[in-house]
Amino acid sequence: MRSLPSKTPAVIDAGAKALGREPMRGVEGEGFGALLDRPEVTVARMSEEHGILDLSKTEWRPQVGDLVRVVPNHVCIVVHLNDVIYGVRGDRVECSWPVDARGRGQPPVAGG
């Protein structure tokens, strides 16, 4: 049984809270990010928690449980939205760094 509603979109477990909302425009491409290993596959739409992949330019069809790596359009926003950044080489996580400035986009409140 297929869990994909049609042949062209697929849902990933990363949306605006993980990728930010910076759209790609112009010659470079479109969408809110692209897959690292399949740059023709872009994140076409997002909710807070999920992204919709546009599969119209590829024959590749992900299966439930497949892992994908998304290259976001604007890394500053993505770093600010996450507690930890992972260093990955190939399929192996080699290190991690806490994001000390996580959530520090606002100045401190006076008297607080």
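Note that this is a predicted model, so its numbers are computed, not measured. (Residues numbered from 1 in each chain as written. Predicted model: local features only at pLDDT ≥ 70, side-chain atom pairs only at ≥ 80, totals over all residues. Heavy atoms only, no water.)

Chemist: Tell me about the pattern of salt bridges, residues and numbers included.
Modeler: Inspection of every chain in the model, using the stated rule, returns four salt bridges. Between Lys 17 and Glu 49 there is a salt bridge, and its shortest N-O distance comes to 3.3 Å. Of this pair, Lys 17 sits in helix α1 (residues 16–19) while Glu 49 sits in the loop between β3 (42–46) and β4 (51–54), placing them 32 residues apart in sequence. The residue Arg 89 makes a salt bridge to Glu 94 at a minimum N-O spacing of 3.0 Å. With relative accessibility at 59%, the residue Arg 89 sits in the exposed group. Its relative accessible area of 41% is what places Glu 94 among the partly exposed residues. Because the salt bridges share partners, they merge into one network encompassing Lys 17, Glu 48 and Glu 49. (Salt bridge = Lys/Arg side-chain N within 4 Å of Asp/Glu carboxyl O. Helix = DSSP H or I, 4+ residues; strand = E, 2+ residues; numbered from the N terminus. Buried < 20%, exposed > 50% of the residue type's maximum accessible area, 1.4 Å probe, protein only.)

Chemist: How would you explain the side chain of Thr 42 if you had to name every residue and give the values?
Modeler: The topology assignment puts Thr 42 in strand β3. Judged by its relative accessible area of 13%, Thr 42 falls in the buried class. If sequence neighbours within four positions are ignored, Thr 42 has contacts with Glu 30, Gly 33, Ala 34, Ile 52, Leu 53 and Asp 54. (Contact = heavy atoms within 4.5 Å.)

On their own, these measurements won't tell you what the molecule is for.
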